[in-house]
Amino acid sequence: MYSTDIMRAEHDHIFTFLKAVRALCCQVLEGLPLPVDDFRKIVSFARNYSDHQHHGTEENFLFNEMVTNLGPIADKLINHGMLVEHDLCRRHVMDLETALDLYEKDPQTIYKLDILTAAEGYATTLHRHISKENTVVYPLAERSLSKDIISRIDAQVEAFESETAEKGIQDHYLAMIDELKDKYGQIEDQHDKVDKPVSLAAAFGR
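These lines cover the structure that appears in this document, whether it is placed above or below.

Points about the overall build of the protein chain
Step number 1: The helix and strand tally for the protein chain stands at seven helices and zero strands.
Step number 2: Against the compact-globule benchmark of 17 Å for 206 residues, the protein chain has a radius of gyration of 18 Å, which places it among compact chains.
Step number 3: Counting only C-alpha atoms, the protein chain reaches 55 × 40 × 30 Å along its principal axes.
Step number 4: Residue burial in the protein chain is summarised as follows: out of 206 residues, 48% are buried.
Step number 5: The long-range fraction of contacts in the protein chain, counting pairs at least 24 apart against all pairs at least 6 apart in sequence, stands at 86%.
Step number 6: Of the roughly 10,000 Å² of accessible surface on the protein chain, a fraction of 52% belongs to carbon and sulfur atoms.
Step number 7: A gap of 5 Å separates the mean positions of the 22 positive and 36 negative side-chain charges of the protein chain.

Here it is, written out as structure tokens:
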């Protein structure tokens with residue numbers, strides 16, 4: 001399924017980015033002066049690549065078809081699971097931006113703590129969310145949607161990817177990933193074990 005292949009590839013890019021985010025947070029904890037500009041880049045990436053580019057593709061094309069065509073299980077999984085977690089990621093990004101604004105006006109330790117808490121909360125939440133999509137949501141779509149619906153989703157995603165590529169979105173944010181990775185390295189930990197199968201019950205935290 002072309003569309004889910006694209007989404008999984010975007011997941012791989014996002015994982016690389018999140019590892020760099022966590023490495024940056026660790027270096028600040030170890031004494032690195034807080035680099036406001038690089039945390040602003042995290043906000044930009046989160047909003048324009050992982051949210052508008054990636055989550056937008058899921059929400060506008062794949063998830064709509066799943067809810068419309070796959071009944072109560074998809075309604076619960078998408079509307080009460082994946083979309084809630086998308087909004088939680090957005091909340092972390094809003095908190096990060098607010099903390100950065102406060103820190104730039106008055107660099108108190110409490111605002112630095114808020115910056116690190118929001119950035120780490122975003123990274124952890126998105127890691128776990130992506131695991132559910134890779135192991136539950138996408139396989140459900142691939143085995144359950146009809147060929148005609150899959151073809152429609154694939155065409156929509158391909159058109160959207162072409163549109164954003166013409167605007168340079170992918171190139172800009174993939175270069176940002178490399179920049180932060182080269183600057184801060186990457187943190188490998190338990191959140192990177194994303195290929196472990198997750199059941200539908202586990203996807204809902206049960």
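Section: the packing of helix α2 (residues 36-69) against helix α3 (residues 71-105)
Step number 1: Direction vectors running N to C along α2 and α3 enclose 165°, while the axes themselves pass 11 Å from each other. The angle between α2 and α3 places the two elements in the roughly antiparallel class. Our pair here, α2 against α3, has a crossing hand that is left-handed.
Step number 2: Classifying every residue of the contact of α2 with α3 gives 17 nonpolar, five polar and ten charged.

A short note on the packing of aromatic side chains
Step number 1: Across all of its chains, the model carries four aromatic pairs by this definition.
Step number 2: With 6.0 Å between their ring centres and 75° between their planes, phenylalanine 45 and tyrosine 173 make a pair best called edge-to-face. Of this pair, phenylalanine 45 sits in helix α2 while tyrosine 173 is found in helix α6 (residues 169-184), placing the two residues 128 residues apart along the sequence.
Step number 3: Its relative accessible area of 0% is what places phenylalanine 45 among the buried residues.

A few points about the pattern of salt bridges
Step number 1: Here the structure, examined in full by the defined rule, presents 16 salt bridges.
Step number 2: As a salt-bridge pair, arginine 40 and aspartate 101 come within 2.8 Å of each other at their nearest N and O atoms. Note that arginine 40 is positioned in helix α2 and aspartate 101 in helix α3, a separation of 61 residues in sequence.
Step number 3: A relative accessible area of 24% means that arginine 40 is categorised as partly exposed.
Step number 4: Residue classification places aspartate 101 among the partly exposed positions, given a relative accessible area of 32%.
Step number 5: Notably, a salt bridge pairs glutamate 179 with lysine 41, separated by 2.4 Å at the nearest N-O pair. Of this pair, glutamate 179 sits in helix α6 while lysine 41 sits in helix α2, and the two are 138 residues apart along the sequence.
Step number 6: Residue glutamate 179 is classed as partly exposed on the basis of its relative accessible area, which comes to 34%.
Step number 7: The exposure class of lysine 41 is partly exposed, given its relative accessible area of 24%.

Concerning α2
Step number 1: Helix geometry: α2 is bent most strongly at phenylalanine 63, by close to 40°.
Step number 2: Glycine 71 sits one or two positions beyond α2 and adopts a positive phi of about 75°.

Some thoughts on the nonpolar core
Step number 1: Ranked by internal contacts, the top residues of the largest apolar core, which has 37 residues, are Phe17, Phe39, Phe45, Leu96 and Ile115.
Step number 2: Within the residue set of this core, elements represented by two or more residues are α1 (2-29), α2, α3, α4 (109-144) and α6.
Step number 3: Counting residues per element, this core draws most heavily on α1, at ten residues.
Step number 4: Residues Leu70, Ala74, Ile78 and Phe160 belong to the second largest nonpolar core, which totals 21 residues.

Definitions and cut-offs
- Residues numbered from 1 in each chain as written.
- Predicted model: local features only at pLDDT ≥ 70, side-chain atom pairs only at ≥ 80, totals over all residues.
- Heavy atoms only, no water.
- Helix = DSSP H or I, 4+ residues; strand = E, 2+ residues; numbered from the N terminus.
- Rg over C-alpha atoms; globule rule 2.2 N^0.38 Å.
- Buried < 20%, exposed > 50% of the residue type's maximum accessible area, 1.4 Å probe, protein only.
- Contact = heavy atoms within 4.5 Å.
- Areas by Shrake-Rupley, 256 points an atom, 1.4 Å probe, with all protein chains shown as cover.
- Lys, Arg positive; Asp, Glu negative; His and termini not counted.
- Charge placed at Lys NZ, Arg CZ, Asp CG, Glu CD.
- Axes fitted to C-alpha atoms, helices over the stretch in contact; angles between N-to-C directions.
- Parallel < 35°, antiparallel > 145°, perpendicular 65-115°, else oblique.
- Left-handed = near helix turned anticlockwise from the far one by under 90°.
- Nonpolar A, V, L, I, M, F, W, Y, C, P; charged D, E, K, R; others polar.
- Phe/Tyr/Trp six-rings, centres within 6.5 Å; stacked < 30°, edge-to-face > 60°.
- Salt bridge = Lys/Arg side-chain N within 4 Å of Asp/Glu carboxyl O.
- Bend = angle between axes of the 7 residues up to and from the residue.
- Core = buried A, V, L, I, M, F, W, Y, C linked by side-chain atoms within 4.5 Å.

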